[in-house]
Amino acid sequence: MKKLKFIGNPLLQSREKINMSSDKKWLTLKTTEDNEEFVVEESVAIMSNVIKNMVEDGCASSVIPVPRVKGNAMGKIIEFCKKHTEESDEKVLKEFDAEFLNLGPDALYDLMVSANFLEIKVLLDSVTTKVADMIKGKSSEEIRNILKIENDLSAEEIEESRRENCWTRQE
Amino acid sequence: MFCSLAEALNDGQISNEDAKEAVDLWSELPMELLELIISRLTLKDNICISAVCKKWQSAAISVRVVQKSPWIMHFPKHGELFEFYDPCQRKTYLVELPELRSCRVCYAKENWLLLYKPMTQRLLFFNPFTRELIKLPKFELSYQIVAFSSAPTSPNCLVFTVRHVSPTVVSISTCNPGATQWSTVNYRNRLPFVSSIWNKLVFCNGLFYCLSLTGWLGIYDTQEHTWTVCGVPPPKCPENFYSKNWWKGKFMTEYKGDILVIYTCENENPIVYKLERTNWTEMNTLGGVTLFASFLTSHARTDLLGVMRNSVYFTKVRFYGKRCVSYSLDHTRYYPRKQCHDWGEQDPFESIWIEPPEDFTDFVKT
């Protein structure tokens, strides 16, 4: 049973009603990794440069296959794009982004990589800023623990780094 | 390339728990994204995270932006051999500059010097790194303090000086490169401000700030052509600051629109004040900024490697070029330990901090 995720006016009940609203164009995005479908307004979808190019080049059919992005990441991305298309108040958007990006490092990772792949600059900027904020002021060991990264630096390389680090603290 | 978690789970090979441990998500992050993240960090954090792993170190170094520190330029009493000292690299460069014969230095900003040649009564701009020379129309300067707003090659460069006429009148002269003569106008002055050879000048956001020996500020608006004596009274320094030559030993600069003044006194630690709306606030820290203080010009810099943050660097070099004398606000002490620093007694024209260009390889070859 195919899962159909409909993101649009909650008052509309069926697909027939979508077709009747002639002033808005709709696209269906299908994540090929897990076969989830998302019906989105074109104006929202084209926040992705990749999709925008496809639409402009006329090669966007009724269903656009989206590889490499998983269903739940896609859902979140569409939620983000929808908000940023509807809302123009900077303050409101800022609050929304802060709440929206309140995620763990792994979820942020998915979002970031997907935003990069779909070329959604606004989202990519927001996520990378959030990640930068997360690692700001932390020691390299703390960062390794949070992001589960292995230290592969040689003893000399670590010493070199420590020497440089001196200038940021004291002589 | 990214997240093999889904595949791993689909394979049914690993349990949910193990999968979480096995995945090295962040190590798989594409370089371009890693660089994007790291480019949002300050220099301090950039250096810190370069110790995370090889990939991060490489990314950090590739996006690292390090600012250039100013150099000390020493003016010889005789001859034409000038010494430039880089406090970051602790290197000294000797350069012959015959163009500066019989010139007295007045100000320095953005790789450029403003100098006065008393014999010809000419002010001139000189870039010691490119040897460019720009003359200004004749002007009898005597020992007035004069400054300029920006590099003479920039469109809005303005040269400024203020002279005491009477307690209630100052004479302000301005000129720009390319002009045929100076423009001199008298302005109404208020007494707490007294123009003298102890003036400190700083240009910021279209205004020339002039700190008088009394500690009161006069402000010249280059757009409105007005002279205002700022109502903010001088900061209240500790009692000892008012002994011997209390009006000397002051330095002024600006950082991101804030006016900063350094008060020094022979047997005391320097104090840095920031100009606020109604008063001067004492700064316990500079927020990572380093100040470079010389009588005629001072600079503020951040993101430097090789000099201490939250410090004031003076134009005295000790231990045969190994150490530039500096005062740390963090540790409230001089480096090296104070011998006796009477900055008010330094020869004003013997040295100045000057900003070197990004690329000075040609300069050091000479």
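As annotated in an unreviewed UniProt entry, chain B is F-box domain-containing protein from Daucus carota subsp. sativus.

**Quick word on the overall build of chain B**
Tallying secondary structure elements over chain B gives six helices and 25 strands in all. The dimensions of chain B, computed from C-alpha atoms along their principal axes, are 90 × 50 × 45 Å. Looking at chain B as a whole, 54% of its 366 residues are labelled buried. As displayed, chain B has an accessible area near 16,900 Å², and 49% of this comes from carbon and sulfur atoms. The distance from the centre of the 39 positive side-chain charges to the centre of the 37 negative ones in chain B is 10 Å.

**Points about the pattern of salt bridges**
Two side chains bearing opposite charge may form a pair once their charged atoms approach each other closely. As enumerated under the stated definition, the model contains 13 salt bridges over all chains in all. Where Arg40(B) meets Asp125(A), a salt bridge forms, and the shortest distance between an N and an O atom there is 3.2 Å. Placement of Arg40(B) in the loop between helix 3 (31–38) and helix 4 (43–49) and of Asp125(A) in helix 7 (residues 121–135) is noted, with the two residues assigned to different chains. On the accessibility criterion, Asp125(A) (23% relative accessible area) is partly exposed. In this structure, Asp258(B) engages Lys274(B) in a salt bridge whose closest nitrogen and oxygen atoms are separated by 3.7 Å. Within this pair, whereas Asp258(B) is found in strand 17 (residues 258–263), its partner Lys274(B) is found in strand 18 (residues 271–275), the two being separated by 16 residues in sequence. Given a relative accessible area of 30%, Asp258(B) falls into the partly exposed group. Among the charged side chains, a salt-bridge network with shared partners connects Lys121(A), Asp125(A) and Arg40(B).

**Here we look at the domain arrangement of chain B**
Annotation of chain B at the domain level lists domain 1 (2–64) and domain 2 (71–365). Using only C-alpha atoms to locate each centre, domain 1 of chain B and domain 2 of chain B end up separated by 47 Å.

**Comments concerning the sheet that holds strand 2 (residues 81–86) of chain B**
Residues and elements named next belong to chain B. Spatial strand order, 3-2-1-25: four strands in an open sheet with antiparallel pairing. Each end of this open sheet is capped by a strand with a single partner; those strands are strand 3 (91–96) and strand 25 (351–354). This sheet shows a mean twist of 25° between the axes of neighbouring strands, independent of strand direction.

**Topic: the interface of chain B and chain A**
Opposite the 40 residues of chain B that make contact, chain A presents 38 residues. In total, chain B and chain A occlude about 3,900 Å² of area from one another, counting both sides; carbon and sulfur atoms represent 62% of this. Counting every contact that joins chain B to chain A gives one salt bridge. The tally of links between chain B and chain A comes to nine residue pairs in polar contact (both at pLDDT 80 or more). Broken down by secondary-structure element, the contributors of at least two residues to the side of chain B that touches chain A are helix 3, helix 4 and helix 5 (54–63) of chain B.

**Regarding the environment of Val169(B)**
Relative to the helices and strands, Val169(B) resides in strand 10 (residues 169–175). With residues near it in sequence (within four places) discarded, Val169(B) still touches Arg163(B), His164(B), Asn186(B), Tyr187(B), Arg188(B) and Asn189(B).

**A closer look at the packing of aromatic side chains**
Aromatic rings considered in pairs are described by the distance between their centres and by the relative angle of their planes. Residues and elements named next belong to chain B. Summed over all chains, the structure comprises 29 aromatic pairs over all chains. Here the aromatic rings of Trp71 and Tyr93 are separated by 5.0 Å at their centres, their planes lie at 25°, and the arrangement is stacked. Of this pair, Trp71 sits in strand 1 (residues 71–74) while Tyr93 sits in strand 3, and the two are 22 residues apart along the sequence. As far as burial versus exposure is concerned, Trp71 and Tyr93 are alike and both buried. With 5.6 Å between their ring centres and 85° between their planes, Tyr263 and Tyr273 make a pair best called edge-to-face. Here Tyr263, found in strand 17, pairs with Tyr273, found in strand 18; they are ten residues apart in sequence, far enough to count as distant. An aromatic cluster is built from Phe160, Tyr187, Phe203, Phe208 and Tyr220, whose rings are joined through pairwise contacts.

Calculation rules
- Residues numbered from 1 in each chain as written.
- Chains lettered and ligands numbered in written order.
- Predicted model: local features only at pLDDT ≥ 70, side-chain atom pairs only at ≥ 80, totals over all residues.
- Heavy atoms only, no water.
- Helix = DSSP H or I, 4+ residues; strand = E, 2+ residues; numbered from the N terminus.
- Buried < 20%, exposed > 50% of the residue type's maximum accessible area, 1.4 Å probe, protein only.
- Areas by Shrake-Rupley, 256 points an atom, 1.4 Å probe, with all protein chains shown as cover.
- Lys, Arg positive; Asp, Glu negative; His and termini not counted.
- Charge placed at Lys NZ, Arg CZ, Asp CG, Glu CD.
- Salt bridge = Lys/Arg side-chain N within 4 Å of Asp/Glu carboxyl O.
- Domains from an automatic or database assignment.
- Pairing = 2+ DSSP bridges.
- Axes fitted to C-alpha atoms, helices over the stretch in contact; angles between N-to-C directions.
- Contact = heavy atoms within 4.5 Å.
- Buried area = accessible area lost by both parts, 1.4 Å probe.
- Polar contact = N/O pair within 3.5 Å; in protein donor to acceptor, adjacent residues only side chain to side chain.
- Phe/Tyr/Trp six-rings, centres within 6.5 Å; stacked < 30°, edge-to-face > 60°.

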